[in-house]
Amino acid sequence: MLKIVIPATLKFRQFYAENKHMNGIRPVREHDIYELMDIAHPDGTVDLDEYLQRVVTKSLEWFDASGISIFVRDGGTDVFRLAKADGLLSKVPKDATIHEGEGIAGLAIAEQTARLLKDPRTEQDLIEKGIKKNEAIGSSLIVPLATRNAGCIGVLNVARSVETGDFQETDLEAAEALGRQLALAVSNARSFSQMATKTQHVMRAIDQVGFGLMLIGQEGEFIDFTSECSTILQSRPREHLTVNTYLPTISPPFQRPLKLGLERAQKGLNYRFRVQDDTRGTSYAVVTSPLANGGLVVAIHDITDHEKAREAYDRIRRLAEIGQMTASIAHELRNPLAGIRSAATMILEDPLLATEFAEIIDREAIKLNQLCGTFLEFAKPISLEYEPIKISDIARNLGVTHASEFEKQHVRLEVKSSGDEPVLFADPLRIEQVMRNLILNALEASTSGQTVTVEIDSYGVVKIQDQGIGMEPHVVDRLFTPFFTTKPSGTGLGLSMCQKIMEAHKSKISVASTPGQGTTVELNFNSKNAA
Ligand code: ADP
Ligand code: MG
């Protein structure tokens, strides 16, 4: 509940306590004061109209007034519209407006000073300005409603009929105190309803994009939810006071994971999970999170279409890969087979050449066998044996193993490791295979005098950089396609294998290259945590 306690109210109360026996002013009960401080209902909603009505009714009684009106500023304009009127002043037309600087009230607004009018005919400045007053009204109190932040946001007019007798200075002081309270209440109610409208807009927008969103308070009570929740969870949160009674009524596949998610959120942890609803053939991504103010939020998104599209895409990609692989395998097998066939033809023509050509047949058969081995190796699923490893150790060992190849081409290999290089949990043999492929590719792209650099930072991000020939964008696009090679004796399986191994480690490999300037391959072992 939004309660406003301000010095003005206390002053108002104190004033009445001191003056209650004077001048016919009625004593103000504490209850009355509190009622004026309460602008929100227990459910948190604010009804400004109802609040103003309370103020009007009370004020008529306290001030022994015959009429009251409250005008409130219209947006950012200098027009004030009638918000509430009672008694004598209820004759004011509903669409009445006051302009800043015009009329008695307009003047009070412009000058931001409250004024007590006894007999309108004796108020010199009003006479000079030609401002007329309602003849039925005797004395009145005109109080601009101003707050420090919002400035003048309205005007309160308390009037007595000619017969009742004039207001006194003490009444003006009391009306000013009431005015300060009223100004705060109006401006708070406005901010409150602006906030509520904004929240409503946001929730509606979230609903429209098909998101289920539930905001849950500290005691498990529903603060807000989008209508999509009822559709996805097949039960209406509206019919429940708390999430505890709601959970057992929702679609069964959600019950357990959502309960777990809410428990985790209560402990301050985020929880993401996927729920599959086999009876409807749908799947959902769900996130439960703690909110900063102590509540919880549940977000549910239908990912059925997304998953179907992904499956279809994966299938097409696999088929395309198989097609490419089959074509490449056929091509690779054809060369040694052609060799074998021509050797056999020679033997048939001249059996005396059998020994010589049998050697060729044997050599080509061995090649065929090796090729089959490579294909099978590539096609096999990867199983990993995790161990703590340091990439810099692996890179340095490879530098030793391949030292003669680097020396022959006059290329340097430099391994740079940040002092706090992390120990990674990975399969050492597989990571060595990745690093070997990348280092040798870099070497093959380099020319005499250049350097291949392996750099590992403190996050475990590895960069293998060369200053070699680089690649055109269309080559970069096809790098990870099995059997894609630009080298006469290349297999085109090196980078595909690297990608397969990195994916098995739930890590990422990426390539950036500029023709003529060199290539950088990046291995990111952190991506599994970020995913
Ligand atoms: P292979 O080395 O057998 O050709 P890879 O999969 O290792 O197969 O590489 C595929 C192709 O990518 C190479 O043929 C080459 O054209 C290109 N490539 C890979 N690494 C580099 C590099 N560091 N610099 C330039 N081109 C490269
Ligand atoms: Mg290679």
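Some points on the overall build of the chain
(1) Moving on: In terms of helices and strands, the chain carries 17 helices and 18 strands.
(2) Moving on: Looking at the chain as a whole, 41% of its 531 residues qualify as buried.
(3) Moving on: A fraction of 56% describes how many contacts in the chain between residues 6 or more apart in sequence connect residues 24 or more apart.
(4) Moving on: Total accessible area on the chain stands at roughly 29,700 Å², and carbon and sulfur atoms take up 53% of it.

Digging into helix α11 (residues 354–379)
(1) Moving on: Given a rise of 1.5 Å per residue, 26 residues ought to cover 38 Å, and the 36 Å separating the end C-alpha atoms of α11 matches this to within 8%.
(2) Moving on: Residues F357, E364, L368, L371, F375 and F378 constitute the buried set of α11.
(3) Moving on: Turning to α11, the residues buried within the fold contact α10 (304–349) and α16 (494–504).

Some points on the packing of aromatic side chains
(1) Moving on: Applying the stated rule across the entire model yields seven aromatic pairs.
(2) Moving on: With centroids separated by 5.4 Å and ring planes inclined at 80 degrees, the aromatic side chains of F222 and Y246 adopt a geometry described as edge-to-face. With F222 in strand β8 (residues 222–225) and Y246 in helix α8 (residues 243–246), the pair connects residues that are 24 residues apart, well separated along the chain.
(3) Moving on: The class of F222 is buried, set by a relative accessible area of 14%.
(4) Moving on: Both rings, one in F375 and one in F483, keep their centres 5.4 Å apart while their planes meet at 70 degrees; by these two values the pair is edge-to-face. Note that F375 is positioned in helix α11 and F483 in the loop between α15 (473–478) and α16, a separation of 108 residues in sequence. Grouping residues by exposure puts F375 and F483 together as buried.

Concerning α16
(1) Moving on: For α16, every residue scored as buried is listed here: L495, S496, M497, C498, I501 and M502.
(2) Moving on: Of the surrounding secondary structure, the elements contacted by the buried residues of α16 are α11, α14 (428–445), β17 (508–514) and β18 (518–524).

What to know about the sheet that holds strand β13 (residues 412–417)
(1) Moving on: Spatial strand order, β13-β15-β16-β18-β17: five strands in an open sheet with mixed pairing. The open sheet has two free edges, formed respectively by β13 and β17, since each of these has just one partner strand. Looking at each pair of strands side by side, their axes are set apart by 15 degrees on average, direction ignored.
(2) Moving on: Relative to strand β15 (residues 451–456), β13 runs parallel, the two sharing six bridges. Residue pairing in the sheet places V415 in a bridge with V454 of β15.
(3) Moving on: Sheet contacts for helix α12 (residues 391–401): β13, β15 and β16 (461–466); angle to β13, the most-contacted strand, approximately 165 degrees.
(4) Moving on: In the packing of α16 onto the sheet, contacts are made with β17 and β18, and the angle to β17 comes to roughly 140 degrees.

Focus on the pairing of β16
(1) Moving on: Strand direction decides the pairing type here: β15 and β16, joined by four bridges, are antiparallel. Residue pairing for β16: T453 is matched across the bridge by Q465.
(2) Moving on: Adjacent in sequence and paired antiparallel, β15 and β16 are bridged by four residues, among which G460 carries a positive phi angle near 80 degrees.
(3) Moving on: Inspection of the sheet shows β16 paired to β18 by six bridges, in the antiparallel sense. Counted as the bridge partner of D466 is T519 from β18.

Digging into the confidence of the model for the chain
Low-confidence regions, as indicated by low pLDDT, have predicted coordinates that should not be scrutinised in detail.
(1) Moving on: Per-residue pLDDT for the chain has a mean of 85; in total, 87% of the residues score no lower than 70.
(2) Moving on: Here residues 1–10 scores under 50 on pLDDT; set against residues more than four positions off or in separate chains, the count is 27 contacts.
(3) Moving on: With pLDDT under 50 throughout, residues 20–25 is counted as low confidence; its partners more than four residues away or in other chains account for 11 contacts.

What to know about the site of ligand 1
(1) Moving on: Taken together, 17 residues sit near ligand 1, with N441, T485, T486, K487 and L495 positioned nearest.
(2) Moving on: Within the side chain of T486, one N or O atom sits 2.5 Å away from an oxygen atom of ligand 1.
(3) Moving on: The contact in question runs from an oxygen atom of ligand 1 to an N or O atom on the backbone of G494, over 3.4 Å.
(4) Moving on: Elements with a contribution of two residues or more to the shell around ligand 1: α14 and α16.
(5) Moving on: In terms of residue count, the dominant contributor to the shell around ligand 1 is α14 (three residues).
(6) Moving on: Here the shell around ligand 1 is built from residues that sort into six nonpolar, nine polar and two charged.

Side note on the sheet that holds strand β4 (residues 115–117)
(1) Moving on: The six strands are arranged β3-β2-β1-β6-β5-β4 in an open sheet whose pairing can be described as antiparallel. Of all strands in the sheet, those bounded by a partner on one side alone are β3 (97–99) and β4. Sheet twist, expressed as the average angle between the axes of neighbouring strands with direction ignored, equals 20 degrees.
(2) Moving on: In terms of strand pairing, strand β5 (residues 137–147) meets strand β6 (residues 151–161) through nine bridges, oriented antiparallel. Looking at β6, one finds that T147 is bridged to G151.
(3) Moving on: Across the face of the sheet, helix α4 (residues 103–111) comes into contact with β2 (79–87), β3, β4, β5 and β6 while running at roughly 35 degrees to β5.
(4) Moving on: In the packing of helix α6 (residues 169–208) onto the sheet, contacts are made with β1 (67–73), β4, β5 and β6, and the angle to β5 comes to roughly 40 degrees.

A word on the pattern of salt bridges
(1) Moving on: With the rule as written, the count across this model stands at 15 salt bridges.
(2) Moving on: We note a salt bridge from E307 to R274, for which the minimum N-O separation is 2.6 Å. Taken together, the positions of E307 in helix α10 and R274 in strand β9 (residues 271–277) put the pair 33 residues apart, joining distant regions of the chain.
(3) Moving on: Judged by relative accessible area, which is 42%, R274 ranks as partly exposed.
(4) Moving on: Note that E377 and K380 form a salt bridge whose closest N and O atoms lie 3.7 Å from each other.
(5) Moving on: Note on E377: relative accessible area 31%, which makes it partly exposed.
(6) Moving on: For K380, a relative accessible area of 47% puts it in the partly exposed group.
(7) Moving on: Residues joined by salt bridges that share partners form a network here, namely E377, K380 and R430.

Criteria and cut-off values
Residues numbered from 1 in each chain as written. Chains lettered and ligands numbered in written order. Predicted model: local features only at pLDDT ≥ 70, side-chain atom pairs only at ≥ 80, totals over all residues. Heavy atoms only, no water. Helix = DSSP H or I, 4+ residues; strand = E, 2+ residues; numbered from the N terminus. Buried < 20%, exposed > 50% of the residue type's maximum accessible area, 1.4 Å probe, protein only. Contact = heavy atoms within 4.5 Å. Areas by Shrake-Rupley, 256 points an atom, 1.4 Å probe, with all protein chains shown as cover. Expected span 1.5 Å × (residues − 1). Phe/Tyr/Trp six-rings, centres within 6.5 Å; stacked < 30°, edge-to-face > 60°. Pairing = 2+ DSSP bridges. Axes fitted to C-alpha atoms, helices over the stretch in contact; angles between N-to-C directions. pLDDT = per-residue confidence, 0-100. Near = heavy atom within 4 Å. Polar contact = N/O pair within 3.5 Å; in protein donor to acceptor, adjacent residues only side chain to side chain. Nonpolar A, V, L, I, M, F, W, Y, C, P; charged D, E, K, R; others polar. Salt bridge = Lys/Arg side-chain N within 4 Å of Asp/Glu carboxyl O.

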